[in-house]
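Listed below, chain by chain, are the residues.
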Amino acid sequence: MLTDKRILLIIGGGIAAYKSLDLIRRLRERGAAVRVIMTAGAQEFITPLAAGALSADRVYTDLFDREAEQDVGHIRLAREADLVLVAPATADLMAKMAAGLAGDLATAVLLATRLPVLLAPAMNPAMWSHPATQRNVARLAADGIAFVGPERGEMAESGEAGVGRMSEPLAIAERVAAMLVPAPGPLAGRHVVITSGPTHEPIDPVRYIANRSSGKQGHAIAAALAALGARVTLVSGPVTVPDPKGVTTVHVETARQMLAAVEAALPADAAVMAAAVADWRVAAEGAEKIKKDGSGRPPALALTENPDILATVGHLGDRRPRLVVGFAAETENLIANAQAKLARKGADWIVANDVSPETGVMGGDANTVRIVSAAGVEDWPTLDKGEVARRLAARIAAALA
Ligand code: CTP
């Protein structure tokens, strides 16, 4: 579960350092590569030889070690990992971190790093509860540093009880995994098919009928659903927005290609048809570029209706996705038209938006939508398209739960 993850483990100077040897093993048995830095204090408790044997790598100890600085260097150490783990994090080390000191290799790396940092504090309970330490903990937490422990228990050296014991290596390894491997989202195991963008309907080899859709909203919905763990197939018309990360994007030009790609992507748990599909195409596409004939009369372009992708998917019978969501772009009678579309197209929800030119929705970044369903009409405030996407994704996750 930590396969291919690289952990930079900084071992501070406390008796709990002996547990860090076991921690190296726990991290490695989960598949992580572990690189170790030891402070001078840590070397009073355990040897670099032991840590190096367990990490199967050299151990870094000195900021001014010419060989190590030329070979890797503290800046590279601070970058070449996925997470920096400090265990044990002593009161002294945390105070230095909170103050931004960088007088040795461990603190220099901690100041130079931009990676997530996890501290496993270990110290005497009196030191932990001291206002100075608590101030430093609050400062570090505000700086974005994560903590695991300390736990309540008996101290190794004095037998005193209180909060200050380092968390067990297993618990620390689990926290590392939780920070590096996101928990499965609510849509894990679900497949969603999305259409987005305009379609281009050829008139002849050089001309086409198109519309002003940018694909921003549909692409944002694809990204938001993927972020919730869904497997997403995005069928996109010609757009300039980039393919969303973590999504399978199929590029098409025409409505007929879009329908074929959607049918090929089924089965799905949900379908979100956000594309601005051209309603008509030219009945007889010119095989050659249409030329002026000199008469001064324009050519007659006979149009024919395109397949309705949403209505096709909405009426698929047992292959119909459990949730079918359509969009209604209207310039007038928004709700009435959306309600009519809901019924006609067999959709569960229609995301209705006013696309009158004065709203700037087409191609713009903001959107004011209403969710029309059998349950009624839900008004959403004006939001940027990313936020509309996240809310819609959350609503879809709730509906499929
Ligand atoms: N839609 C579709 N295939 C089409 C036309 C529209 O899948 N050939 C989908 C759109 O992706 C959208 C919904 O149908 O989810 C409504 O699109 P809209 O253009 O508003 O509706 P139309 O069916 O074109 O109705 P009208 O032109 O009468 O407004």
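The model shown is predicted, which means the values in this text are computed figures rather than measured ones.

Each value, and the rule that gives it
- Residues numbered from 1 in each chain as written.
- Predicted model: local features only at pLDDT ≥ 70, side-chain atom pairs only at ≥ 80, totals over all residues.
- Heavy atoms only, no water.
- Near = heavy atom within 4 Å.
- Polar contact = N/O pair within 3.5 Å; in protein donor to acceptor, adjacent residues only side chain to side chain.
- Areas by Shrake-Rupley, 256 points an atom, 1.4 Å probe, with all protein chains shown as cover.
- 1 Å grid on protein atoms, 1.4 Å probe; cavity = no way out; pocket = protein on both sides within 12 Å on 5 of 7 lines; lining within 4 Å.
- Sits in = over half its atoms within 2 Å of the grid points.
- Helix = DSSP H or I, 4+ residues; strand = E, 2+ residues; numbered from the N terminus.
- Nonpolar A, V, L, I, M, F, W, Y, C, P; charged D, E, K, R; others polar.
- Buried < 20%, exposed > 50% of the residue type's maximum accessible area, 1.4 Å probe, protein only.
- Arc of directions from axis to C-beta.
- Contact = heavy atoms within 4.5 Å.
- Points joined across faces, edges and corners; volume = space filled by probe spheres on them.

1. Quick word on the site of the ligand
Here's step 1: Lining the immediate surroundings of the ligand are 15 residues, of which Met273, Ala275, Phe327, Lys341 and Lys345 lie closest.
Here's step 2: Between the ligand and Ala275 there is a distance of 2.7 Å, counted from an oxygen atom to a backbone nitrogen or oxygen.
Here's step 3: The separation between a nitrogen atom of the ligand and a polar side-chain atom of Asp308 is 3.5 Å.
Here's step 4: For the ligand, the accessible surface in isolation is 560 Å², of which the surrounding protein chains cover 79%.
Here's step 5: One can see that the ligand is located within the largest pocket.
Here's step 6: Among the elements of the structure, helix H12 (309-314), strand S17 (323-330) and helix H13 (334-345) are those that each provide at least two residues to the shell around the ligand.
Here's step 7: Counting residues per element, the shell around the ligand draws most heavily on S17, which supplies 4 residues.
Here's step 8: For the shell around the ligand, the class distribution of residues is 9 nonpolar, 1 polar and 5 charged.

2. Quick look at helix H2 (residues 48-55)
Here's step 1: Among the residues making up H2, those that are buried are Ala51, Gly52 and Ser55. Taken down its axis, H2 places every buried residue within 100° of arc, on the same side. For H2, the exposed residues set more than 90 degrees away from the buried face come down to Leu49 and Ala53.
Here's step 2: Structurally, H2 contributes buried residues whose contacts are with helix H1 (17-29), strand S2 (33-38) and strand S3 (59-60).
Here's step 3: Of the residues one or two after H2, Ala56 is the one with positive phi, at around 55°.

3. Things to note about empty space enclosed by the protein
Here's step 1: Tallied over the full model, the rule gives 1 cavity of 30 Å³ or more.
Here's step 2: In this model, the largest cavity occupies a volume close to 30 Å³.
Here's step 3: Lining the largest cavity we find Tyr60, Asp62, Ala68, Glu69, Gly73, His74, Leu77 and Leu105.
Here's step 4: Looking at the lining of the largest cavity, the elements that each hand over two or more residues are helix H3 (66-71) and helix H4 (73-79).
Here's step 5: Among the elements that make up the lining of the largest cavity, the one with the highest residue count is H4 (3 residues).
Here's step 6: Here the residues of the lining of the largest cavity are counted per class, giving 4 nonpolar, 2 polar and 2 charged.

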